[in-house]
Amino acid sequence: MFVSFFPKPKLFFVSAVLWSLAAVLFWIFAGEPLGARLGMPPADPSAPPVLGAAVFITKPYLWLYIYFGTAVAIFAAFWMWYAPHRWQMWSVLGSALILFTTYFDVQLNLALNGWRGPFFNLFQKAITTPGSVAASELYWLQWQFMTIGLTNVALGVGSIFFVSHYVFRWRTAMTEYYTAHWSRLRHIEGASQRVQEDTMRFSRTIEDLGVSFIQAAMTLIAFLPLLAQLSLQITELPIIGQVPYSLVIVAVGWSLFGTLLLAIVGFKLPGLEFRNQRVEAAYRKELVLGEDDAGRAQPMALTELFANVRRNYFRLYFHYGYFNIARSLYSQADAIFLNVLLIPTIAAGKITLGLWQQMSTAFGEVSNSFQYLYRSWPTIVELLSIYKRLRAFEASINDEPLPAIDHAYLATQSENN
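Residues numbered from 1 in each chain as written. Predicted model: local features only at pLDDT ≥ 70, side-chain atom pairs only at ≥ 80, totals over all residues. Heavy atoms only, no water.

### Considerations on the overall build of the chain
- Broken down by element type, the chain carries 12 helices and 0 strands.
- For the chain, the α and β elements follow one another from N to C terminus as α-α-α-α-α-α-α-α-α-α-α-α.
- In the chain, which comprises 417 residues, the proportion classed as buried is 41%.
- Considering only residue pairs separated by 6 or more positions, the chain has 80% of its internal contacts joining residues 24 or more positions apart.
- Within the structure as shown, the chain displays about 22,700 Å² of accessible surface, and the carbon and sulfur contribution to it stands at 67%. (Helix = DSSP H or I, 4+ residues; strand = E, 2+ residues; numbered from the N terminus. Buried < 20%, exposed > 50% of the residue type's maximum accessible area, 1.4 Å probe, protein only. Contact = heavy atoms within 4.5 Å. Areas by Shrake-Rupley, 256 points an atom, 1.4 Å probe, with all protein chains shown as cover.)

### Here we look at the packing of helix 1 (residues 9-37) against helix 2 (residues 59-82)
- The interhelical angle for the contact between helix 1 and helix 2, taken along N-to-C directions, is 150°, at an axis separation of 11 Å. With respect to each other, helix 1 and helix 2 are oriented roughly antiparallel. Read as a crossing pair, helix 1 and helix 2 show a hand that is right-handed. Side by side, helix 1 and helix 2 meet where Leu11, Phe12, Ser15, Ala16, Trp19, Ala23, Phe26, Trp27, Gly31, Glu32, Leu34 and Gly35 of the first sit next to Trp63, Leu64, Tyr67, Ala71, Ile74, Phe75, Trp79 and Tyr82 of the second.
- Grouping the amino acids of the contact of helix 1 with helix 2 by side-chain chemistry returns 16 nonpolar, 3 polar and 1 charged. (Axes fitted to C-alpha atoms, helices over the stretch in contact; angles between N-to-C directions. Parallel < 35°, antiparallel > 145°, perpendicular 65-115°, else oblique. Left-handed = near helix turned anticlockwise from the far one by under 90°. Nonpolar A, V, L, I, M, F, W, Y, C, P; charged D, E, K, R; others polar.)

### Observations concerning the UniProt feature "transmembrane region" (unreviewed entry) in the chain
- UniProt records the feature "transmembrane region" (unreviewed entry) for residues 12-30, 62-82, 89-106, 145-168, 209-232 and 244-267 in the present numbering.
- In the segment residues 12-30, helix accounts for 100% and strand for 0%; the C-alpha atoms at its two ends are 26 Å apart.
- The span residues 244-267 is 83% helical and 0% strand by assignment, and the distance between its end C-alpha atoms comes to 35 Å. (UniProt positions renumbered as here; feature names shortened; annotations may be inferred.)

### Some thoughts on the nonpolar core
- Leu227, Leu247, Met359 and Phe363 are the most contacted members of the largest nonpolar core, which totals 26 residues.
- Elements that contribute at least two residues to this core include exactly helix 6 (191-231), helix 7 (246-265), helix 9 (299-347) and helix 10 (353-370).
- The element that contributes the greatest number of residues to this core is helix 6, accounting for 7 residues.
- There are two domains that each give this core at least three residues, and those are domain 1 (2-233 + 351-410) and domain 2 (242-337). (Core = buried A, V, L, I, M, F, W, Y, C linked by side-chain atoms within 4.5 Å. Domains from an automatic or database assignment.)

### Let's talk about helix 2
- In a regular helix each residue adds 1.5 Å, so 24 residues correspond to 34 Å; helix 2 covers 35 Å between its end C-alpha atoms and thus fits that length.
- Looking at the packing, one finds that the buried side of helix 2 touches helix 1 and helix 3 (88-128). (Expected span 1.5 Å × (residues − 1).)

### Remarks on the packing of helix 3 against helix 10
- The geometry of helix 3 relative to helix 10 is characterised by a closest axis approach of 6 Å and an angle of 155° between their N-to-C directions. Judged by the inter-axis angle, helix 3 sits roughly antiparallel to helix 10. Relative to helix 10, helix 3 is oriented so that their crossing is right-handed. Across from Asn109, Asn113, Gly114, Arg116, Gly117, Phe120, Asn121, Phe123 and Gln124 in helix 3, the residues of helix 10 making contact are Leu353, Gly354, Leu355, Gln357, Gln358, Thr361, Ala362 and Glu365.
- Class assignment of the residues belonging to the contact of helix 3 with helix 10 gives a composition of 5 nonpolar, 10 polar and 2 charged.

### Notes on the pattern of salt bridges
- Tallied over the full model, the rule gives 1 salt bridge.
- One salt bridge connects Arg86 with Glu176, and the closest N-O pair in it is separated by 2.5 Å. Of this pair, Arg86 sits in the loop between helix 2 and helix 3 while Glu176 sits in helix 4 (residues 135-179), and the two are 90 residues apart along the sequence.
- With a relative accessible area of 33%, Glu176 lands in the partly exposed category. (Salt bridge = Lys/Arg side-chain N within 4 Å of Asp/Glu carboxyl O.)

### Notes on the side chain of His85
- Mapped onto the fold, His85 is located in the loop between helix 2 and helix 3.
- Within the local environment of His85, its side chain forms a polar contact with the backbone oxygen of Val3, the two atoms lying 3.3 Å apart. (Polar contact = N/O pair within 3.5 Å; in protein donor to acceptor, adjacent residues only side chain to side chain.)

Have a look at this one:
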């Protein structure tokens, strides 16, 4: 699943994490000062904030692009020398590009949140004191919003186009790898489906989860300090009272509760999803064999196979039923959670509309980042079921025993035949 696309996957991913950590630490302790020496210093905290997409062509960002490109070039050059791989341009440089676009998307959200404060404060001033705000000021801020939105559109369209090609290249690599060993794989139940469909689903799901995880981590890095700063404006929470960095503590606690809740109620779903794919494949295979062999796909056999499909689907419906109840209830509570916390502060008139907008956005971003597992659990369930199916391929290629569930299925088939 990975060796077909990445050079020495285990070592590659470990080195990628360590190199990324080293690059971040160097940036924190030496990268920004080095940029200042090269004439691209960090933004002056006392200077007025740059609103709109113009912030992305300021000197601090230009230095960040150079720094990131240099770090990627060094890492890629090492791997292209140490372990040349047919797909290295896509797996190494392509992954780096996805990482950068994910980071840029987080920065767009940060820029949008920075725009919300001035705009909604001005909006509040305009509607409470008629004539105090010129229309040109509001038009100018709307234009800044448009520049962020247009940049987001360009990034989104370009990213989707590239990721589509990235995922198909990964699928191609897996397909070539498995078809090269087809003589050892053809006996496995649903082998054709695993090569044709599961490779595509696996690469797409891994990419989705990987990007989501990286985005969650980067969002935390970007928004957690902002939320901590905004927490200073909150003097009291319902029931709890005064708590230092209250919004940060509450966001973490609430998100962990949701994640733990979904992990518990969704514990049985991965195994059921895998069994569902297995019984569907068995039913489909019998129908396909019946197209060329009159002795196959007899009514009694099809009835029994479809009964297995029906039984597993009904079990899935039951377990997804209480899973969705828990998930929906948590989502509804999450929609009003922050507003309930801020009622004492809002009632006391201690925050402005713009500040409330910034708090809501920052809290939502931090909370959603910590809710990564909660939000991704259905996708993780799907991935685990696909992984179990492709793992049987890996076992056959490497002369390892088949997973227990595949071994049991083959034994049953032998008895029936």
